[in-house]
Amino acid sequence: MEIKRSIISDLFKIKPIGEKVNIKGWVRTKRGNKQVAFIAINDGSTIKNMQVVVDIAKLGEETLKPVTTGACLTVTGQLVASQGGGQEIEIQCEELTVYGTADPQTYPLQKKGHTMEYLREIAHLRPRTNTFGAVFRLRHNMAIAIHKFFHERGFYYFHTPIITASDCEGAGQMFQVTTMNLADIKRDENGAVSYDDDFFGKQASLTVSGQLEAELAAMALGAVYTFGPTFRAENSNTPRHLAEFWMIEPEVAFNEIEDNMQLAEDFIKYCVQWALDNCYDDLKFLNDMFDKELIERLNSVIKVDFVRLTYTQGIEILEKAVKDGRKFEFPIYWGADLAAEHERYLVEEHFKRPVILTDYPKEIKSFYMKQNDDGKTVRAMDVLFPKIGEIIGGSQREEDYDKLLRRADEMHVPHKDIWWYLDTRRFGTAPHSGFGLGFERLMLFVTGMSNIRDVIPFPRTPRNAEF
């Protein structure tokens, strides 16, 4: 009778010592001598490799020749308590079949250190490394935690469009979607591109946010969230920017700014706690190999209350720091958009805990944010984190039709593009709030990785759309 395959992570959990088991996976290493071989096999389910002990006299040297790093095997044998150090259990091999070989001369992932830059060039193989196995298991777990958090609180997962004709988000940085023949573009009498024959009959782009559509849903379903890909054609090659990234955007009817801040704090603490509870082996690996303070930093975030601070108070603290001799690359003044160095100073040096900054000058924020009575600031909120700076951005939304219209005019947002959005303020308007969390920003924090290209499987960046 054929033995059903066991997942390696399950074997480490259950430890059915003495039973005959079958595993399938990829060879990480093979070592040994003339009598015995030790093969480390990984199937992707855990950071831990399963050690397979092979009696060479029993299986024959020829059987083991194609067993090299990267080869794929199926192994059947008895699970026993390990004799050597380094692992609790191992398999005494009885049968071994090679599914696929990996030529040691050409297989790129030999047993030596590789740079992150090199691994990006072979992104199709990098999930087979310990590092990226850990990162992508964590990515899955963070996605599960996000859905679980919102589902348990009565939110509805709402799918917003990926193709949009709305350019109120800043069309200069949007990818255009067209079926037109780019070698023969039709133009009108003014020389402007004519979209009459294009698929949608108008200019269309990939979305940079599902927020506006999520607001429409919140005004009917009460509490919704989006979780999907978004796109920004920003020609930026920094370790913090991607052209394609995932966003989580909750919108909640009847929530004011205080409720919004609490939701953001609860949400991010839930995700971090989930990682600690469900991915400890992977976190421990990343902690030991990349960022010795990772687990300590994750624990520190869930144990403290986030500071609530107005933008004006934040500027005062930063101005005092400058007066006391602290050097910043970018200038500090009321009305400035804070740089990551300013945000990190507040979080890492001044308060030593996450900060939620509120009430920003209206000039540096979007048209849809609720205006405060002072006429100068809006009810915006940014959650600032250690190592990252801004991880969440949100606000109470402007529910007053006339104020929203006025602000749209001031910021040159054409009414024809947002008539549907304005309608929610004309018919049964209500206070509501929401925020956006860049999924990859969360991943950077949870994994301790330093480059955003290393927390998404196939990064899309300027001049790079491989795989």
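The structure this text deals with has already been given above.
Residues numbered from 1 in each chain as written. Predicted model: local features only at pLDDT ≥ 70, side-chain atom pairs only at ≥ 80, totals over all residues. Heavy atoms only, no water.

> What is the right way to look at the overall build of the chain in this model?
Helix and strand counts for the chain stand at 14 helices and 16 strands. The buried share among the 467 residues of the chain stands at 51%. When the accessible area of the chain is evaluated, it comes to approximately 23000 Å², of which 51% is carbon and sulfur surface. Of the side-chain charges in the chain, 57 are positive and 68 negative, and the distance between the mean point of each set is 6 Å. (Helix = DSSP H or I, 4+ residues; strand = E, 2+ residues; numbered from the N terminus. Buried < 20%, exposed > 50% of the residue type's maximum accessible area, 1.4 Å probe, protein only. Areas by Shrake-Rupley, 256 points an atom, 1.4 Å probe, with all protein chains shown as cover. Lys, Arg positive; Asp, Glu negative; His and termini not counted. Charge placed at Lys NZ, Arg CZ, Asp CG, Glu CD.)

> Just to check I follow, could you spell out helix α9 (residues 294-303) for this structure?
For an α-helix, 3.6 residues make a turn, and residues three or four places apart therefore share a direction. Looking only at α9, the buried set comprises L294, I295, R297, L298, V301 and I302. Along the long axis of α9, the arc covered by the buried residues comes to 165 degrees, so they all point the same way. Set apart from the buried face of α9 by more than 90 degrees, the exposed residues are E296 and K303. Where α9 is buried, its residues meet α7 (257-278), α8 (280-289), β14 (377-385) and α14 (439-447). (Arc of directions from axis to C-beta. Contact = heavy atoms within 4.5 Å.)

> Where do I start with a nonpolar patch on the surface in this structure?
Together, I162, I163, F199 and F200 make up an exposed nonpolar region whose accessible area comes to about 400 Å². Relative to the assigned elements, I162 resides in the loop between β6 (156-157) and β7 (163-164). (Patch = residues over 30% accessible without salt bridge, like charges linked within 9 Å, V, L, I, M, F, W, Y side chains within 5 Å. Salt bridge = Lys/Arg side-chain N within 4 Å of Asp/Glu carboxyl O.)

> Explanation requested: unusual backbone geometry in the structure shown.
A negative phi holds for most residues other than glycine; trans holds for most peptide bonds. Despite not being glycine, K15 shows a phi value in the positive range, around 50 degrees. Structurally, K15 is set in the loop between α1 (8-14) and β1 (20-32). Its relative accessible area of 32% is what places K15 among the partly exposed residues. Unlike most non-glycine residues, K387 shows phi in positive territory, near 70 degrees. Topologically, K387 is positioned in the loop between β14 and β15 (389-396).

> Honestly, the pairing of strand β3 (residues 50-55) in this entry has me stumped. Any pointers?
Moving residue by residue along a regular strand, the side chains alternate between the two faces of the sheet. In terms of burial, β3 is a largely internal element, five of the six residues being buried. Two elements, strand β2 (residues 36-42) and β3, share six bridges in a ladder whose sense is antiparallel. Across the sheet, the residue bridging to F38 is V53, located in β3. Note: β3 against strand β5 (residues 89-100), three bridges, orientation parallel. (Pairing = 2+ DSSP bridges.)

> I tried to follow the pattern of salt bridges on my own but got confused; where do I start?
Opposite charge on two side chains allows them to pair when their charged atoms are near. Going through the model one piece at a time under the given rule, you end up with 31 salt bridges. A salt bridge links E88 to K15, with the nearest nitrogen and oxygen atoms 3.6 Å apart. In this pair, E88 sits in the loop between β4 (72-81) and β5 while K15 sits in the loop between α1 and β1, placing the two residues 73 residues apart along the sequence. A relative accessible area of 48% means that E88 is categorised as partly exposed. With a shortest N-O distance of 3.7 Å, E152 and R153 are connected by a salt bridge. What makes E152 partly exposed here is its relative accessible area of 45%. Counted as one network, the salt bridges with shared partners bring together E215, E251, R397 and R425.

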